[in-house]
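# Breakdown of the fold
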Amino acid sequence: MPSWSRRIGLALGAFAFAAAQASAQAVLSPEQMRDLAGQAVLQGQAGLAFDLTGALIGRDDNDLDAHLIRSRAARNLGRNEDALTHARRAWALAEDQNARFAAALAMAQALSSSGRRTAAQLWLRRAVHIAPDDGLKQRAAEDFQYVRRQNPWSTALRFSVAPSSNINNGSRNETSELFGLPFEFALEGEARALSGVEISTGLSTRYRLVNNDRKRTDLLFGLSHRTYVLSEDAKDIAPDAEGSDFAISSVFVGLQEDYALPGGRARLGWNARFGRTWYAGDPLIAYTRIGANYRRVAGDNGMLSLSVNREDQVGEGTRLDATIWSAQLGYGMSLASGNTLSVSTSFVTSESDADYLDYTQRAISARYGLAKPIGPAQLEFGLTLSDKNHDRSNLTADGRNERSIQATVTAALPEMDFYGFIPTITLNAERTNANIDLYETENFGIQLGIRSAF
């Protein structure tokens, strides 16, 4: 609670200003008026602060502190355009790091109050980037998270570059036994593993239609494109191939909704998605996917999740139709050390008249993340084991069976933070053993990407 002496001083100042606004500088010095305006805005007397800073700015339009205080006072009065005007002026005047941080926060607050929360998030990222110390950086990051929760729009951009030893999922072997014949056929061109660089971009956005304690309803949209650049070795193996021959593009729209269950520890939801995929620039499939999911807090630090989906694919050109069912059960938790652990298991069954699209697949995955960096890197380790079975194959009477193992190590570099984004480096190693040499693959790669730090 403010002291009585401060309240009396504030009241006397207000009286003096109201009685002689035109000559306020003669009653109070600029420093006194600035201090009084700052106290007024903090104590809920936004009107007084707005008037006092108006006199200060009339005296000197380069008064940075007056513009900052007036922006805050205008926002408290609901005068959002005035708040933006003075925040912009403060940003233009700010020269040192502390002043630029304060002006960036003022811009973000004014934008958020006027309903422009996506723009506010951009200014908060700027505030994080120029924060004078870790405490102020954390404050700006927490403000960002608050505005993000209030924002009906949520957009994520993705970009990565990934050199790979096998961009086409080709065989690691140079020969293969086919059709049960007692001799081997040479594998040539695109049937063999081709090395190169994967370039991937994507955008996904969500608009929250309903957001209350009982339910959330979101409209979804996304698009992605992945293409490749072949290495010189790959060009020697497959002279007629180009990286764009393996490019994949996709676009989708969707709707999802989830509900809070009694007790507040679980949510039940459903989702629907309609999309289309292109391969090498040509239409590949149109699909419809519908699913349900369940999430429940487990203990103090755990989360249990379950999802079931059905996808109906309509093939384009020579691609046949397929119906795919999938289910996943997962559990994640934070350990006492601060490290994180998650495990999941999944099951997929695909039904189609095409042998290569008619299969069942089982997988189990685990991820372990370290809370404390090792050197400059925040590390996360991943391991996935999977088993895939095709009852039919046009290459053998015994069907097609594959077993795969994939290991990843991801290093995030928080010290290279730029506007709240940090670079990531992922090392990937994957090997598939199969009863048909053609489908035995091996892939070693490194992926360079970025992700948000908060």
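Residues numbered from 1 in each chain as written. Predicted model: local features only at pLDDT ≥ 70, side-chain atom pairs only at ≥ 80, totals over all residues. Heavy atoms only, no water.

### Considerations on helix α6 (residues 80-93)
The end-to-end C-alpha distance of α6, which contains 14 residues, comes to 20 Å, matching closely the 20 Å that a straight helix rising 1.5 Å per residue would cover. Of the positions making up α6, those classed as buried are N80, A83, L84, H86, A87, A90, W91 and L93. Those residues of α6 that are buried are in contact with α4 (46-59), α5 (64-76), α7 (97-113) and α8 (117-130). (Helix = DSSP H or I, 4+ residues; strand = E, 2+ residues; numbered from the N terminus. Expected span 1.5 Å × (residues − 1). Buried < 20%, exposed > 50% of the residue type's maximum accessible area, 1.4 Å probe, protein only. Contact = heavy atoms within 4.5 Å.)

### Concerning unusual backbone geometry
For N169, which is not glycine, the phi dihedral falls at a positive 60°. Within the secondary structure, N169 sits in the loop between β1 (153-164) and β2 (175-177). Residue class for N169 comes out exposed when judged on its relative accessible area of 57%. The backbone phi angle of Y419 is positive, close to 55°, even though this residue is not glycine. Here Y419 shows up in the loop between β14 (400-412) and β15 (421-434). Look at Y419 and you get partly exposed, because its relative accessible area is 26%.

### Notes on helix α3 (residues 30-42)
Here α3 contains 13 residues, and its C-alpha end-to-end distance of 18 Å stays within 8% of the 18 Å for a straight helix at 1.5 Å per residue. By the burial criterion, the buried members of α3 are P30, M33, R34, L36, A37, G38, A40 and V41. G44 occupies a position one or two residues after α3 and carries a positive phi of about 85°.

### Looking at the pattern of salt bridges
Summed over all chains, the structure comprises 23 salt bridges. Of the charged contacts in the structure, one is a salt bridge between D258 and R267, with a shortest N-O distance of 3.2 Å. Both residues of the pair, D258 and R267, count as buried. One salt bridge connects R276 with E316, and the closest N-O pair in it is separated by 3.0 Å. With R276 in strand β7 (residues 266-279) and E316 in the loop between β9 (302-315) and β10 (322-334), this pair connects stretches of sequence that are 40 residues apart. Several salt bridges share partner residues, and in doing so they unite R216, D258, R267 and R295 into one network. (Salt bridge = Lys/Arg side-chain N within 4 Å of Asp/Glu carboxyl O.)

### Details of the pairing of strand β13 (residues 378-390)
Bridge count between strand β12 (residues 359-369) and β13: 10 bridges; the pairing is antiparallel. Within β13, the residue paired with I364 across the bridge is L385. Of the strand pairs in this sheet, β13 and β14 are connected by 13 bridges, and their pairing is antiparallel. Bridge assignment links D387 to a residue of β14, and that residue is R403. (Pairing = 2+ DSSP bridges.)

### Observations concerning the pairing of strand β16 (residues 441-452)
Along any regular strand the residues' side chains alternate between the sheet's two faces. Here β1 pairs with β16 via three bridges, running antiparallel. Considered in β16, the bridge of S164 is made with G445. When β15 meets β16, the two strands line up antiparallel, connected through 12 bridges. Directly across from N428, in β16, lies its bridge partner G445.

### As for the packing of aromatic side chains
Aromatic ring pairs are described here by two measures, namely the spacing of the ring centres and the angle between the planes. Counted under the stated rule, the structure contains four aromatic pairs. Ring plane angle 75° and centroid distance 4.9 Å describe the contact between F144 and F454, whose orientation is recorded as edge-to-face. Here F144 is found in helix α9 (residues 134-150), whereas its partner F454 is found in the segment after β16, with 310 residues between them in sequence. This pair shows no difference in class: F144 is buried, exactly as F454 is. Just above the ring of F252 sits the side chain of R273; from NZ or CZ to the centre is 3.9 Å. (Phe/Tyr/Trp six-rings, centres within 6.5 Å; stacked < 30°, edge-to-face > 60°. Lys NZ or Arg CZ within 6 Å of the ring centre and 35° of its normal.)

### Some points on the layout of surface pockets
By volume, the second largest pocket amounts to about 790 Å³. Counting only elements with at least two residues in the lining of the second largest pocket, the list comes to α8, α9, β1, β4 (196-211), β15 and β16. At eight residues, the largest contribution of residues to the lining of the second largest pocket is made by β1. In terms of residue class, the lining of the second largest pocket is made up of 10 nonpolar, 16 polar and five charged. (1 Å grid on protein atoms, 1.4 Å probe; cavity = no way out; pocket = protein on both sides within 12 Å on 5 of 7 lines; lining within 4 Å. Points joined across faces, edges and corners; volume = space filled by probe spheres on them. Nonpolar A, V, L, I, M, F, W, Y, C, P; charged D, E, K, R; others polar.)

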